[in-house]
Amino acid sequence: MAESWDAEELKKKMMGNIIKDKHADKKTGSKKEKMIGNSVKDKHADKKTDSKKENGNRKYAGAPYNFVPFPANVYQYPQEKQVWHDDVSDGLFSGEIQYRIKAYTPVIIDDGKGKFYKTSRGEYAIPGSSIRGLIRSNVQILGLSSFDKDIDDYSLMYRNVTLKEEYQEILGAAQIPIDRKHRTGVLKNVKAGYVKKEGDRYVICKTVKDKIDSRYGEMNYYVLSERRIVHEYLESQKGNGTFSYEFFIQNGKSILQHTFEKDFEKKGRHYIGDKNEDYRPYFYQISYDIAGKNQVTAVGKPGVYPCSGYVVSTGPMNEKKAVYIIPEIKESETIEILPKDIDSFKIDLKKKEKMLGQLNGKEYFYLPEHEGEIKPVFYYKKDRLYFGFTPHLRLFYQNTIKKGLPDTHKDAGTDYCKAIFGCSSDNKSWKSKVYFSDAVILPETDTGELSERGMILSEPKPSSCLDYLVQQEGEKPVTYNSSDMQLRGIKQYWLHENEEPAAADPDKVNVTVFFCPLKEGTSFQGTIRFKNMTEDELGLLLWSIRLDPERSMMNIGKAKPYGYGRIALELEYVKRLDKQKAYSLERFEMNPFKKLDDDAVDSLIQTYQNHINDYLKQHNMPKIEELSFIQDFFSMKDNTKKPDAKMIRYMSIDNGEYQSRNKALPSVKEIISQNENRNG
């Protein structure tokens, strides 16, 4: 569990980090910051200790979300049922639904600035698009619809978390000598070059040196130890030789990840240096000299030494002790990067933006933006091209995400969701039959925003194979490289009894999100207008809004993983347009609507359920309420089955809980059963 921090303290610390003196008062400022941090940490020490005790003797695997399996069969919507918007048949339903939303935990619909969204009139509101997305997801599940258009069709990337041995084998991990005394880990199959933008495409230009030494495989770049640079500098200050790596001291300061103030201290197998707080990843044009085949003996500004190229230093890592020297470009030989791989790379980078936000130089990891611009890059090419801005490349998985979607969902044609919410494709398209207004706050419940909170709002990532993919008991973990990979289903967030306190780390203020939620008890009112719906379509829509009126709740907005945004949605009325009154030529009708009573609403929902049950019976399947995935869906919406917060928290990274996990995420039924046993 992340530690709790007051938002104001976090902001003060963030500002302190920006303006604090980086010279004489640096250590003093650091001590003051630690004192502030410790005073807050003490308040939550017991909580952290309890978490460690709880997980000391077992491997916890859990998350604030889970997966409702995809429908095995997609309901194929008969083409003859699809109607046009100008159809005025009496058998079609047009009208209006009014609903009320009540928040049972604080709720935040962010306006992009940490404040609650407001309409143009200045009223707090939940945007119609947010309600639409919530109800559409319910319609997809209850309507046995396809999720083909909702699953991204691109390749995820990985490093070595789940597939360490495979990863090291692909890239040729090995220990090599970098001088007479020192060795370092390298990736012998990885080459260096320069990525260049040419029009709308990207190419990798090779270097003038194809390989540096046959013992090092395909490597055409040099590895230079930061420990060696620092050691040589400190020895030169004692009069023991000269310092030939002057490039790494600029304006009197180190540009390495480590300072030149003290030598590296050996701790076990590792060497720990004095951390440079001003470090940022970089690449610079340089000149250099080498001895033998692979030993870089000097690095300076361009033109100082006989060899030309670039020096590259990647993102900060614990105990990092290497920089890379890449020979100069050879533009006559290039490798084209496929557009699909560029797309996958950019998507992967986008998903890491919050993490990269902690780095001063996150732009280091972006592809060149301008025509003719080049950047040093590392790559590996065999069956496909892998590339990135560190030798430890993130590899593309062999399968795209959509490969794991059941075949019944692929190119499934028209379904209930498309029929109701509209569809656009190459060969068919039609407008939505439903229109959502903003749900505006009810004035009597408006108590204003609560105090600002600061939290790290991490998002679930599909690259977590043990969560997102179906795993087999006792087998090797299934990944996106597995031929039999299957996606687990539709991600849904668990309901929480209460929101968690602000959970942010003052050392990660760059990725802390600040927001001001509205208080629990706040209520909103909105409308949904519908046009030319069939009886079963309207029944499905109403069921997707109401769910189980006695037990169901949903969640909406930001910070759902921490319990924010638990809401109840209640139907206030359903009105149907009386077409005889609306289009009468005898008199003008001001209110041509007929309100449907509760029995009529129940009847519409039953009409849909009867229709879908007839379909399921034809396919030898249970009734819809007996389908396993429908039961999972309603269990996750059941306000009486909320799991204990300890069972649906994110796994901790600080104590290695996430890194050491070896179990798949428990299913919805397993979580519910464990919770009942725990409380029973």
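Please read these numbers as outputs of a predicted model, since none were measured by experiment.

Trainee: When you look at the packing of helix α14 (residues 628-637) against helix α15 (residues 668-679) in this model, what are you seeing that I'm missing?
Mentor: Two measures define how a pair of helices packs: the angle their axes make with one another and the distance between the axes. As a packed pair, α14 and α15 sit with axes 9 Å apart at the nearest point and diverge in direction by 50°. By the angle between their axes, α14 is oblique relative to α15. Two packed elements cross with a definite hand, and for α14 against α15 that hand is left-handed. Residue-level inspection shows Ser-628, Gln-631, Asp-632, Ser-635 and Met-636 of α14 in contact with α15, the latter providing Val-668, Lys-669 and Ile-672.

Trainee: Teacher, can you tell me more about the packing of aromatic side chains here?
Mentor: To describe a pair of aromatic rings, you give the distance between the ring centres and the angle between the ring planes. With the rule as written, the count across this model stands at 43 aromatic pairs. Relative to Tyr-124, the ring of Phe-116 lies with its centre 5.8 Å away and its plane at 90°, an arrangement referred to as edge-to-face. One exposure class covers both Phe-116 and Tyr-124, and it is buried. One residue, Arg-227, lies across the ring of Tyr-271, its end atom 3.5 Å from the ring centre. In this arrangement the basic side chain of Arg-649 is found over the ring face of Tyr-60, its NZ or CZ atom lying 4.1 Å from the centre.

Trainee: I'm lost on the layout of surface pockets in this one. Help?
Mentor: The method is simple in principle: a probe with the dimensions of a water molecule rolls over the atoms, and the space it marks as empty is what remains. Approximately 740 Å³ is the volume attributed to the second largest pocket. Counted by class, the lining of the second largest pocket contains 14 nonpolar, eight polar and twelve charged residues.

Trainee: Help me understand helix α4 (residues 128-142) in this model?
Mentor: Each full turn of the α-helix corresponds to 3.6 residues, which orients residues three or four apart in the same direction. Compared with an ideal rise of 1.5 Å per residue, which puts 15 residues at 21 Å, α4 spans 21 Å between its outermost C-alpha atoms and is within 8% of the ideal. Where α4 is concerned, the buried positions are Gly-128, Ile-131, Leu-134, Ile-135, Ser-137, Asn-138, Val-139, Gln-140, Ile-141 and Leu-142. Just beyond α4, the residue with positive phi is Leu-144, at close to 50°.

Trainee: What is the right way to look at the pairing of strand β17 (residues 322-327) in this model?
Mentor: As a general feature of sheets, a regular strand has side chains that alternate between the two faces. Of all six residues making up β17, six are buried, and the element is well covered by its neighbours. Residues of β17 alternate between two faces, with Ala-322, Tyr-324 and Ile-326 on one and Val-323, Ile-325 and Pro-327 on the opposite face, all of them buried. As defined by bridge partners, strand β9 (residues 222-225) adjoins β17 across four bridges and the pair is classed as antiparallel. Looking across to β17, one finds that Tyr-222 is bridged to Ile-325.

Parameters and conventions
- Residues numbered from 1 in each chain as written.
- Predicted model: local features only at pLDDT ≥ 70, side-chain atom pairs only at ≥ 80, totals over all residues.
- Heavy atoms only, no water.
- Axes fitted to C-alpha atoms, helices over the stretch in contact; angles between N-to-C directions.
- Helix = DSSP H or I, 4+ residues; strand = E, 2+ residues; numbered from the N terminus.
- Parallel < 35°, antiparallel > 145°, perpendicular 65-115°, else oblique.
- Left-handed = near helix turned anticlockwise from the far one by under 90°.
- Contact = heavy atoms within 4.5 Å.
- Phe/Tyr/Trp six-rings, centres within 6.5 Å; stacked < 30°, edge-to-face > 60°.
- Buried < 20%, exposed > 50% of the residue type's maximum accessible area, 1.4 Å probe, protein only.
- Lys NZ or Arg CZ within 6 Å of the ring centre and 35° of its normal.
- 1 Å grid on protein atoms, 1.4 Å probe; cavity = no way out; pocket = protein on both sides within 12 Å on 5 of 7 lines; lining within 4 Å.
- Points joined across faces, edges and corners; volume = space filled by probe spheres on them.
- Nonpolar A, V, L, I, M, F, W, Y, C, P; charged D, E, K, R; others polar.
- Expected span 1.5 Å × (residues − 1).
- Pairing = 2+ DSSP bridges.

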